[in-house]
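Architecture at a glance
Here is how the chains run, residue by residue.
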Amino acid sequence: MYVAVKGGERAIDNAHRLLAHHRRGDPAVPEVASAQIREQLTLAVDRVMTEGSLYDRDLAALAIKQARGDLVEAAFLVRAFRTTLPRFGATEAIDTGAMQVARRVSATFKDIPGGQVLGPTFDYTHRLIDFLLEAGGEPPEPARAAADDTAMPRVTDLLGADDLIERNPPGDPDAPVPDLTREPLDLPAGRDLRLQNLARGDEGFLLALGYSTQRGFGRSHPFAGEIRLGEVEVELFSEDLGFAVPLGDITVTECQMVNQFKGSSTEPPRFTRGYGLAFGHCERKTMGMALVDRALRAEELGEEVNAPAQDEEFVLMHSDNVQATGFVEHLKLPHYVDFQAELGLIRQMRREIAERQAASTPALKEATE
Amino acid sequence: MTSHPTASGYNFAYLDEQTKRMIRRAILKAIAIPGYQVPFASREMPMPYGWGTGGVQVTAAILGPDDRLKVIDQGADDTTNAVSIRKFFEKTAGVATTTHTAEATVIQTRHRIPEKTLGPDQVLVYQVPIPEPLRFLEPRETETRVMHALEDYGLMHVKLYEDIARHGHIATTYAYPVKVEDRYVMDPSPTPKFDNPKMNDCAALQLFGAGREKRIYALPPHTKVVSLDFEDHPFEPTKFDHACGLCGATHTYLDEVITDDAGGRMFVCSDTDHCEERRAEGHRGDLLGEAPAEIAGAAE
Amino acid sequence: MAVALAFADPVRDAQAAFRAVMNAMARPGSVQPVAGLTGAPAPLSPTAAAIAVALADYETPLWLDPALAAAPDVGAWLTFHTGARIVAEPARAAFALVAEPAALPDFATFAQGTDVYPDRSTTLILQVASLTGGPVLRLSGPGISGHAHLAATSLPADITAHLAANHALFPRGVDLVLAGPEGVAALPRTTRVTEEA
């Protein structure tokens, strides 16, 4: 019997054991339960669900625990699980206009039908470390209001009613739903595919690109038309029954940016749109996404394309943090074969230069004498 | 050679059958159009992008229960990533594995082609990080795919010629571009150019998988593969001034190992299986016996 | 619920059939054994059925030649076992199944790929009565050391002209998979084919 494996396998096994040990930390401190992560680190869970492209709070919480709190690693765990799941079909488009709203703000109007709902937000907190949290204890009950059936139309729909914002193209229920996890990305991509890419994209990457558009690299005069957070129903059309069957509710965050208007001598001016949507409460992500979505529409809207956020290939090819982290971190893998080839060449070239210099030196000496 | 039962809960070789069919169709197209990069719907794998996901998907799609798999990284069977990928297939496919090049029916590799000449019953699967040979000259996929369509490889020749003008040499030592059957310029993956001649007229089927970049390409057996060069600057494979310190070979690719902090070095075969076989046959290098066990390895 | 399976062992049998096609494509002219699906409805041959079930699914539209399209069981059987749609236009097909290669339509009616994406082409699966004993074709090109021979029966008399025109399109073109009782052989677009003198 040939011993196939030498040092490598034992080293890997030992590294995995040590990793598990470090994940657990000091055994005198109680182990964190994934239910605690699910309930108390909800924004981390939401980010992992969004970038992991799978709506499952328990799984995302477990992934965060397994990943020692590394959210990109956790999203990767969720993605690798997701890829093995069978596909049954595509759901009906969700209707965010019918959302059970938990938070809804608009920066474009002082008041809107249904009102501004601040909801659970850090926005007006003072960023002072709360040392009382260390001691624990239950927070006071949230304030409650009587249930209100007032409709909460989307701000963009209100603008649309006056024809002041570009119309979204009508949905075609028979059109195929593109899915970059099932087909290789083909450029130029349609806006649907771009939005899928951005929804899965890294929050930090979208944040930086969105920020760059505000600083002038692809400026689009954005207004936060509306940000809404809440539950929407997901339905799947059943061929057998002939109608859509509700599957359950999910929480999503939607951001609709109202941007730079566009018109011509014949076409009356209208505001344009940028769109962001994510699982759970991911406000920063959806705002960055909406800015980048709008920036990527530059060519379609007849604008000059010269900023990174407007460059479809650049944005779509580099937005995915699971791809990016893998390739950046692969530099840790051994490359000594390639490095040896470079070492050989650099030594040869240095030798040749040294020989040339040596050969020319006596001649120089003679010439100066 | 060792055989392992399959871990339950996974399909054979991890991938679901629909994914395998999709990859298999891409492989057939790749074989039919040698050197052309076929786009495929690369899946997320339980290992990071850039760590062999393309090679792993190709291997998983072709592997059968009667195969014997060898996995190497930098030419060695016991580098950590080679160990990790071999374990993955032992666990998910229960497939027999080997370190002997001659015994393997499927060899997955990163950065090397084995020294032993491959035979007609073997498939060599390369892990590819950047499949596009023109990528570092033109970063846009939308541009490079048109360059391939038009067979417009002028940019590559300009780059190689600029090397010569600046350095007196073509300064590419690995991932050295090749032309396949006088048509497609192809990236051989980051193998050292020492290995390029082995690709030409090779009896084995060569398959290339790039997971993150979502491309598969292939060289059927006995395909013409020519390293790009110029008449006045012909392609020259890397040569070594040393023999292997362990087995004395003078025809192999060598790793340089730093043995102390006083400038001590030794050169040893990068293909560990080949080196061990030669030692088993009685070949002796200058430093055999002096080399530390981590370098000399444990031949049978 | 018992569902009739095409392959007795779907994972293993599909892999074996694919590997035979892969080896055939990698070595044009060589005959690779394939375990046929004897349950396939006539005139779909057991070998062609095994290849179709191994490679086709809901992502690959199938085109059937008139002989296969005329047999109502064939389309239903293929759709049931693969999930593939049967399409009427050959240019939309990923695979074309041909029971009567002698009546093969012009290759130009199938998808031949584009200069940018030459892989977006139809693969023709031709049923032949035998992979040996027919007129001897001399083959050369990638996958072949020197030259090779193939002597399949049932092919149209002017097959070499069709194949030469196909080869001239490279990198565009179609690839041929020949399914016979002995197994599978292939003539990819790279193969240069002449009649043996």
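Here goes a summary of the coordinates provided.

Side note on the interface of chain C and chain B
Each side of the interface is counted separately: chain C has 38 residues, and chain B has 41 residues. Summing the contributions of chain C and of chain B, the shared interface buries around 3,200 Å²; its carbon and sulfur component is 62%. The three residues of chain C that bury the most area against chain B are C:Val11, C:Phe18 and C:Asp119, which together make up 17% of that side's buried surface. Seen at the junction of chain C and chain B, the total is four salt bridges. Taking the shortest distance from any N to any O, the salt bridge between B:Asp67 and C:Arg19 comes out at 2.6 Å. Taken together, chain C and chain B are joined by 16 residue pairs in polar contact (both at pLDDT 80 or more). Elements with a contribution of two residues or more to the side of chain C that touches chain B: helix 1 (10–26) and helix 2 (46–55) of chain C. It is helix 1 of chain C that contributes the most residues to the side of chain C that touches chain B, 11 residues altogether. Residue composition of the side of chain C that touches chain B, by class: 22 nonpolar, seven polar and nine charged.

Some points on the sheet that holds strand 6 (residues 178–180) of chain B
Residues and elements named next belong to chain B. Pairing in this open sheet of three strands is antiparallel, and the strands run 7-6-10 from one edge to the other. Taken across any chain shown, the strands that pair with only one partner, and hence form the sheet edges, are strand 7 (184–186) and strand 10 (225–227). The sheet shows a mean angle of 35 degrees between the axes of neighbouring strands, taken without regard to direction. Of the pairings in the sheet, the one linking strand 6 to strand 10 comprises three bridges and is antiparallel in character. Note on strand 10: the bridge partner recorded for valine 178 is serine 227.

With respect to the interface of chain B and chain A
At the interface, 62 residues of chain B touch 49 residues of chain A. Each partner contributes to the roughly 4,800 Å² buried at the junction of chain B and chain A, and carbon and sulfur atoms together form 55% of this total. Summed over the three residues of chain B that lose the most area to chain A, namely B:Glu44, B:Trp51 and B:His169, the buried surface amounts to 13% of that side. Joining chain B to chain A, the criterion identifies six salt bridges. The salt bridge partner of B:Arg140 is A:Asp311, with a shortest N-O separation of 2.3 Å. Secondary structure elements with two or more residues in the side of chain B that touches chain A: helix 3 (80–93), helix 4 (141–149), strand 11 (254–258) and strand 12 (265–269) of chain B.

Side note on the nonpolar core
Counting 94 residues, the largest nonpolar core has B:Ile27, B:Leu207, C:Met22, C:Leu44 and C:Leu97 as the members making the most contacts within it. The leading source of residues in this core is helix 1 of chain C, at nine residues.

Re helix 12 (residues 321–329) of chain A
Residue and element names in this part refer to chain A. For helix 12, every residue scored as buried is listed here: Asn321, Val322, Gln323 and Gly326. Lining the buried residues of helix 12 we find helix 3 (42–52), helix 5 (71–82) and helix 11 (312–318). The opening residue of helix 12 is aspartate 320, an N-cap whose side-chain oxygen sits 2.9 Å from the backbone nitrogen of valine 322.

Things to note about the pairing of strand 4 (residues 137–140) of chain C
All names here are of chain C. Every second residue of strand 4 is oriented toward a common face, the buried set being Leu137 and Leu139 and the non-buried set Arg138 and Ser140. With three bridges connecting them, strand 4 and strand 5 (residues 148–150) associate as antiparallel partners. Looking at the pairing, leucine 137 lines up with leucine 150 of strand 5.

Concerning the pattern of salt bridges
Side chains bearing opposite charge may pair, as long as their charged atoms lie close to each other. Evaluation of the coordinates by the stated rule reveals 56 salt bridges over all chains. Between B:Asp182 and B:Lys224 there is a salt bridge; the shortest N-O distance is 3.1 Å. Remark: B:Lys224 occurs in the loop between strand 9 (215–219) and strand 10 and B:Asp182 occurs in the loop between strand 6 and strand 7; sequence separation between them is 42 residues. Judged by its relative accessible area of 49%, B:Asp182 falls in the partly exposed class. A residue is classified by how much of its surface remains accessible, and B:Lys224, at 36% relative accessible area, is partly exposed. Among the charged side chains, a network of salt bridges with common partners joins A:Arg79, A:Arg200, A:Asp320 and B:Glu44.

Basis of the calculations
Note that residues are indexed from 1 along each chain, following the sequence as it is written. Here the convention is simple: chains get letters from A, ligands get numbers from 1, in the order in which they are written. Since the coordinates come from a predicted model, pLDDT governs what is reported: local features require at least 70, and pairs of side-chain atoms require 80 or more to be given and counted, while whole-chain, interface and lining totals use all residues. Side-chain metrics rest on all non-hydrogen atoms present in the structure, leaving aside hydrogens and water. Two residues qualify as a contact provided that any one of their heavy atoms is within 4.5 Å of a heavy atom in the partner residue. Take the accessible area each of two parts loses on contact, using a 1.4 Å probe, and add the two losses: that sum is the buried area. Salt bridges are defined by distance alone: a side-chain nitrogen of Lys or Arg within 4 Å of a carboxyl oxygen of Asp or Glu. Between N or O atoms, a polar contact is any pair within 3.5 Å; within protein, one atom must be a potential hydrogen donor and the other a potential acceptor, and residues adjacent in sequence are included only when both atoms are from side chains. In this text, helices come from DSSP runs of H or I with a minimum length of four residues, and strands from runs of E with a minimum of two, each type numbered from the N-terminal end. Here the term charged refers only to Asp, Glu, Lys and Arg, the term nonpolar to Ala, Val, Leu, Ile, Met, Phe, Trp, Tyr, Cys and Pro, and the term polar to all other amino acids, Gly among them. By this definition, two strands are paired if DSSP reports at least two bridges between them. Lines fitted to C-alpha atoms define the axes here, with helix axes fitted over just the stretch in contact, and angles between the N-to-C directions of these axes take values from 0 to 180 degrees. Take the buried Ala, Val, Leu, Ile, Met, Phe, Trp, Tyr and Cys residues and link them wherever side-chain atoms come within 4.5 Å; each set so joined is a nonpolar core. Relative accessibility decides the category of a residue: with a 1.4 Å probe and only protein chains considered, values under 20% of the type maximum give buried, values over 50% give exposed, and everything between is partly exposed.

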